[in-house]
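# Structure assessment
This is what each chain is made of:
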Amino acid sequence: KAGVTQTPRYLIKTRGQQVTLSCSPISGHRSVSWYQQTPGQGLQFLFEYFSETQRNKGNFPGRFSGRQFSNSRSEMNVSTLELGDSALYLCASSRSGSGDSYNSPLHFGNGTRLTVT
Amino acid sequence: ILNVEQSPQSLHVQEGDSTNFTCSFPSSNFYALHWYRWETAKSPEALFVMTLNGDEKKKGRISATLNTKEGYSYLYIKGSQPEDSATYLCAKRTGNQFYFGTGTSLTVIP
């Protein structure tokens, strides 16, 4: 089974620009979640999608948005980039996450390293 | 805001030593506790998912315990090997949301 695929791996953008990151989950996984990691911080939850619906959103400004397509692939968009948005962005997929699937682990991609200059 | 805390922040041990880390979390709204190993230049990899108070899981030389009433989990590594060098993350699941600790960075010295 192919793993979680994130593209691109590296990205350099300028303040004020916008960026779109992509995540393809493991086949059959319908839940996709996104995380931000900055130096000294743990993985910070951005949002989680299931069946094209955002079920949860973390404490991030509205500049951060996402969506999920019918094939479960997900994209994350950050508009009006700021220097503080420089981070590693990880996505993870898992099974549905309800009922007895609460014991399902997250499967992570290799991440997109975003640098904002 | 849910604070998941891990200690120690970093650890250096000699090959063959046994070691353990702690993950503390608020006990309310508990669904599951996850442990992940994150090696440099790789993606985090799941070690254990525990849901019940008193759960104990084992995978080779690595084991974990869970106390949901007092809000902590321990990860144990017996006879550390250089390949165990990684950052170990714990995460509390509440519904469909995960709260991660900042991790324990383990370095095993040959």
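Here's a quick rundown of the structure. Sequence order sets the numbering: in each chain, residues are counted from 1 along the sequence as written. Chain labels run from A onward and ligand labels from 1 onward, assigned in the order the entries are written. Local features in this predicted model are restricted to residues whose pLDDT is 70 or higher, and side-chain atom pairs enter the listing and the counts only when it is 80 or higher, whereas totals over whole chains, interfaces and linings include all residues. Side-chain numbers come from the whole structure's heavy atoms, not from hydrogens or water.

### Considering the pattern of salt bridges
Quick reminder of the rule: Throughout this description, the term salt bridge denotes a Lys or Arg side-chain nitrogen within 4 Å of a carboxyl oxygen of Asp or Glu. For every residue, the accessible area obtained with a 1.4 Å probe (protein chains only) is divided by the maximum for its type, and the residue is called buried under 20%, exposed over 50%, and partly exposed between those limits. Helix and strand definitions here come from DSSP, where helices need a minimum of 4 consecutive H or I residues and strands a minimum of 2 consecutive E residues; each element is numbered from the N-terminal end.
Across all of its chains, the model carries seven salt bridges over all chains by this definition. Two residues, Arg73 of chain A and Glu75 of chain A, come together in a salt bridge whose shortest N-O distance is 3.3 Å. Residue Glu75 of chain A is classed as buried on the basis of its relative accessible area, which comes to 16%. The residue Asp84 of chain B makes a salt bridge to Arg61 of chain B at a minimum N-O spacing of 2.8 Å. On the criterion of sequence distance, the pair formed by Asp84 of chain B in the loop between strand S8 (72–77) and strand S9 (86–94) and Arg61 of chain B in the loop between strand S6 (56–59) and strand S7 (62–67) is long-range, its members being 23 residues apart.

### Regarding the nonpolar core
Selection rule: In this description, a nonpolar core means a group of buried Ala, Val, Leu, Ile, Met, Phe, Trp, Tyr and Cys residues linked to one another through side-chain atoms lying within 4.5 Å. Note on contacts: a residue pair is in contact if any heavy atoms of the two residues lie within 4.5 Å.
Counting residues in each nonpolar core, the largest one holds 22 residues, and the members touching the most others are Leu33, Trp35, Leu75, Tyr88 and Leu106 of chain B. Of all the secondary-structure elements, those providing two or more residues to this core are strand S2 (10–14), strand S3 (19–24), strand S4 (32–38), strand S5 (45–50), S7, S8, S9 and strand S11 (104–109) of chain B. Residues in contact with Leu75 of chain B, not counting those within four places in the same chain, are Thr19, Asn20, Phe21, Trp35, Leu47, Phe48, Ile62, Ser63, Ala64 and Tyr88 of chain B. Counting 21 residues, the second-largest nonpolar core is a separate cluster that includes Val32, Leu46, Phe47 and Val116 of chain A.

### Some words on the pairing of S3 of chain B
Residue and element names in this part refer to chain B. Rule in force here: When DSSP finds two or more bridges between two strands, those strands count as paired.
One ladder, built from three bridges, connects strand S1 (residues 5–7) with S3; its direction is antiparallel. Following the sheet pairing, Ser7 is matched in S3 by Thr22. Pairing geometry for S3 and S8, over six bridges, is antiparallel. Residue pairing for S8: Phe21 is matched across the bridge by Leu75.

### Notes on the sheet that holds S8 of chain B
Residues and elements named next belong to chain B. Selection rule: Here the axes come from fitting lines to C-alpha atoms, over the contacting stretch only for helices, and the angles between their N-to-C directions go from 0 to 180 degrees.
As summarised here, the arrangement of the five strands in space is S1-S3-S8-S7-S6, forming an open sheet in which the pairing is antiparallel. Two strands close off the open sheet at either side, each with one partner strand: S1 and S6. Strand-to-strand twist across the sheet, computed as the mean angle between neighbouring axes with direction ignored, equals 15°. Sheet topology places S6 next to S7; four bridges connect them, and they run antiparallel.

### Some details on the pairing of S9 of chain B
Residue and element names in this part refer to chain B. Along S9, eight of the nine residues are buried, which leaves the element largely enclosed by surrounding structure. Of the strand pairs in this sheet, S9 and strand S10 (residues 97–100) are connected by four bridges, and their pairing is antiparallel. The partner of Lys92 across the bridge, within S10, is Tyr99. Between S9 and S10, which follow one another and run antiparallel, lie two residues, and Gly95 among them has a positive phi close to 65°.

### Points about the state of the cysteines
Residue and element names in this part refer to chain B. How we decide: Note on disulfides: each one is a pair of cysteine sulfur atoms within 2.5 Å.
A full pass over the atoms with the stated rule returns two disulfides over all chains. Each disulfide pairs two cysteine sulfurs, and for Cys23 the partner residue is Cys90, the sulfurs being separated by 2.0 Å. Here the disulfide of Cys23 and Cys90 is right-handed, its torsion about the S-S bond being about 80°. In this pair, Cys23 is assigned in strand S3 and Cys90 in strand S9, connecting sequence segments 67 residues apart. The same class applies to Cys23 as to Cys90, namely buried.

Function cannot be inferred from these measures alone, as they are strictly geometric.
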